[in-house]
Amino acid sequence: MNKKKMIAMILAGGQGSRLYVLTKDLAKPAVPYGGKYRIIDFPLSNCVNSGVDTVGVLTQYEPLELSEYIGNGQPWDLDRMGGGVFVLPPYQRSSGSDWYSGTANAIYQNMNFIDRYDPEYVAILSGDHIYKMDYSEMLEAHRRANAAATIAVCQVPWEEAPRFGIMNTDENGDVVEFEEKPKKPKSNLASMGIYIFTTEKLRKYLEADAADQGSQNDFGKNVIPAMLAAGEKLATYRFEGYWKDVGTIDSLWEANMDVLDPRVPLDLYDPEWKIYARTPIMPPHWVMEGASVQNSMITEGCVVGGTVDFTILSAGVTVEPGAVVRDSIVMPNASVKAGAVVEYAIIAEGAVICEDAKVGMRPEDVENKDEWGVAVVGPGVKVGAGAVVKPKQIVGRNVPAAEKEALK
């Protein structure tokens, strides 16, 4: 096997519990995004655009659809001899095995895969962030710093800093202190969960972590602090572009709406840095006579007869005449029937919003602002005729139609 300069390992096994019904039967990296993509498309595309041609995708929770989506890696030009993309679920060993018990343990259990390519460096990436990054530039910074590990960081608003792992650095940008979700942060440099390790250092500290029975086997909570305590040089790599952790309903909705905002520096039309995806084979979208579409993204196979405004329609979506969809995300093959109104909502794959149903509401129409939030209709759920899904409500099962008398 040819020796590689750097390979990438994408952590894609998380449950994504804060996305509720959207990830009940689906790994978070496989959640649709931006009409045409899945979240996993971003780290995969970043790898191939950065010249990284060997990628391990570590799966665990509900891996079937994600594994099927990745396939042989052809959409990302990762169907290669002597490299490519590999889905790496937990597996039985002669010495026994467990589920991955943390991010560090997931990599530790796959050291044999890393050893096949004998790389000088290993990039550890998250499978559930929306961003475009050139990992080759981060690698060059890592080599110049002669660091054991380099951690990608970005500045976050001070009020959001307590949500992140915070890196306190010296004048050279080296880490002097790491604080996991501090109540009173000293810095607003947040770890992005993107690391480049010199392989020999990665092996040393993963082995030590595996031997520590009290460890949670997590990079942020255990491995990075252990390296810092041992006096290892930990450099930071400042990232200035768009980055979004889509771990909650609100952040997923916001990240999708950002696609429609020209002021947001996430350019999906950049020919120099394409985001590749496995797209369905469908006919072109069709906007009917009398339909109204404004500032929206309409992808292949959509049929639009109603009003669509500031909305993302994924492949195969139908919006019938008389239906209204505003400020929303409608995922693949969902249907909004005549007379239905969908506002500030996420409609998951294959859901059906029946005639005259109402899902979500504009924030200005809610008297108590604490009661407002993005409404969510789960995959395959049918919201019956005339039924109402309130703001902030998350629906994981069919909603019966309203009584006919109530519809009069």
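Preceding block: the structure.
Criteria and cut-off values
- Residues numbered from 1 in each chain as written.
- Predicted model: local features only at pLDDT ≥ 70, side-chain atom pairs only at ≥ 80, totals over all residues.
- Heavy atoms only, no water.
- Helix = DSSP H or I, 4+ residues; strand = E, 2+ residues; numbered from the N terminus.
- Rg over C-alpha atoms; globule rule 2.2 N^0.38 Å.
- Buried < 20%, exposed > 50% of the residue type's maximum accessible area, 1.4 Å probe, protein only.
- Contact = heavy atoms within 4.5 Å.
- 1 Å grid on protein atoms, 1.4 Å probe; cavity = no way out; pocket = protein on both sides within 12 Å on 5 of 7 lines; lining within 4 Å.
- Points joined across faces, edges and corners; volume = space filled by probe spheres on them.
- Nonpolar A, V, L, I, M, F, W, Y, C, P; charged D, E, K, R; others polar.
- Pairing = 2+ DSSP bridges.
- Core = buried A, V, L, I, M, F, W, Y, C linked by side-chain atoms within 4.5 Å.
- Expected span 1.5 Å × (residues − 1).
- Arc of directions from axis to C-beta.
- Phe/Tyr/Trp six-rings, centres within 6.5 Å; stacked < 30°, edge-to-face > 60°.

Colleague: Before we move on, can you summarise the overall build of the chain with the specific residues and values?
Modeller: Along its length, the chain carries nine helices and 31 strands. What you see for the chain is a C-alpha radius of gyration of 23 Å, in line with the 22 Å of a compact globule of 408 residues. Taken along its principal axes, the extent of the C-alpha atoms in the chain is 70 × 50 × 45 Å. Burial statistics for the chain: of 408 residues in total, 54% are counted as buried. Look at the contacts in the chain between residues 6 or more apart in sequence, and 58% of them connect residues 24 or more apart.

Colleague: Hey, could you go over the layout of surface pockets for me, with residue numbers and the actual values?
Modeller: Considered as a void within the structure, the largest pocket measures approximately 1,300 Å³ in volume. Around the largest pocket, the lining is made up of 40 residues, and of these Thr103, Ser126, Asp128, Asp218 and Asp245 lie nearest the centre. Contributions of two or more residues to the lining of the largest pocket are made by helix H3 (103-108), strand S10 (175-180), strand S11 (189-198), helix H7 (219-229) and strand S13 (243-245). Counting residues per element, the lining of the largest pocket draws most heavily on S11, at four residues. Residue composition of the lining of the largest pocket, by class: 13 nonpolar, 18 polar and nine charged. The space that makes up the second largest pocket amounts to roughly 410 Å³. Lining the second largest pocket are 18 residues, and of these Val156, Pro157, Glu160, Trp243 and Lys244 sit closest to its centre.

Colleague: Explain the sheet that holds strand S22 (residues 329-330) to me, and be specific about the residues and the numbers.
Modeller: Strand order in the open sheet made by the six strands is S16-S19-S22-S25-S28-S31, with parallel pairing throughout. Only two strands of the sheet have a single neighbouring strand rather than two, namely strand S16 (297-298) and strand S31 (394-395). Bridge count for strand S25 (residues 345-347) against strand S28 (residues 375-377) is three bridges, and the pairing is parallel. Among the inter-strand pairings, isoleucine 346 is bridged to a residue of S28, identified as valine 376.

Colleague: Describe in detail the nonpolar core, supporting the description with residues and values.
Modeller: Of all hydrophobic cores here, the largest spans 74 residues; its most connected members are Leu44 and Ile346. No other element matches helix H8 (residues 249-259), which puts six residues into this core. In this view, leucine 44 contacts Ile10, Val55, Val57, Ile70, Trp76, Leu78 and Val85; residues no more than four positions away in its chain are not counted. If you look at the next biggest cluster of nonpolar residues, it comprises 33 residues, including Leu11, Leu88, Ile107 and Ile224.

Colleague: Pulling in residues and values, what's your account of the environment of lysine 5?
Modeller: With respect to the helices and strands, the residue lysine 5 is situated in the segment before strand S1 (6-11). Note on lysine 5: relative accessible area 44%, which makes it partly exposed.

Colleague: A description of helix H6 (residues 199-211) should follow, citing residues and the corresponding values.
Modeller: Helix length check: H6 (13 residues) gives 18 Å between terminal C-alpha atoms against 18 Å at 1.5 Å per residue, within 8%. Listing the buried residues of H6 in full gives Thr199, Leu202, Tyr205, Leu206 and Asp209. Considered in projection along H6, the buried side chains sweep an arc of 135° and stay on one side of the axis. Exposed positions of H6 whose direction lies more than 90 degrees from the buried face are Glu200 and Ala211.

Colleague: Lay out the packing of aromatic side chains with the relevant residues and their values.
Modeller: Taken as a whole and assessed by the stated rule, the structure comprises 13 aromatic pairs. Seen in terms of ring centroids, tyrosine 33 and phenylalanine 42 are 5.5 Å apart; in terms of plane orientation they differ by 75°. Their pairing is edge-to-face. Judged on exposure class, the residue tyrosine 33 and its partner phenylalanine 42 are both buried. Both rings, one in phenylalanine 86 and one in phenylalanine 113, keep their centres 5.4 Å apart while their planes meet at 65°; by these two values the pair is edge-to-face. Here phenylalanine 86 is found in strand S5 (residues 84-88), whereas its partner phenylalanine 113 is found in helix H4 (residues 111-117), with 27 residues between them in sequence. Since its relative accessible area comes to 25%, phenylalanine 86 is described here as partly exposed. Members of the aromatic cluster, each reached through a chain of ring pairs, are Tyr33, Tyr37 and Phe42.

Colleague: Residues and numbers for the pairing of strand S6 (residues 121-126), please.
Modeller: Burial analysis of S6 places six of its six residues in the buried class, the great majority of the element. Residues Tyr121, Ala123 and Leu125 line one face of S6 and the alternating positions Val122, Ile124 and Ser126 line the opposite face, and both faces are buried. Alignment of S1 against S6, held across six bridges, turns out to be parallel. Residue pairing for S6: methionine 9 is matched across the bridge by isoleucine 124.

Colleague: Can you tell me about helix H1 (residues 41-49), naming the residues and giving the values?
Modeller: The element H1 is largely enclosed, with a buried count of eight among its nine residues. All of the buried residues along H1 are Asp41, Phe42, Pro43, Leu44, Ser45, Asn46, Cys47 and Val48. Looking one or two places after H1, you find glycine 51, whose phi comes out positive at around 85°.

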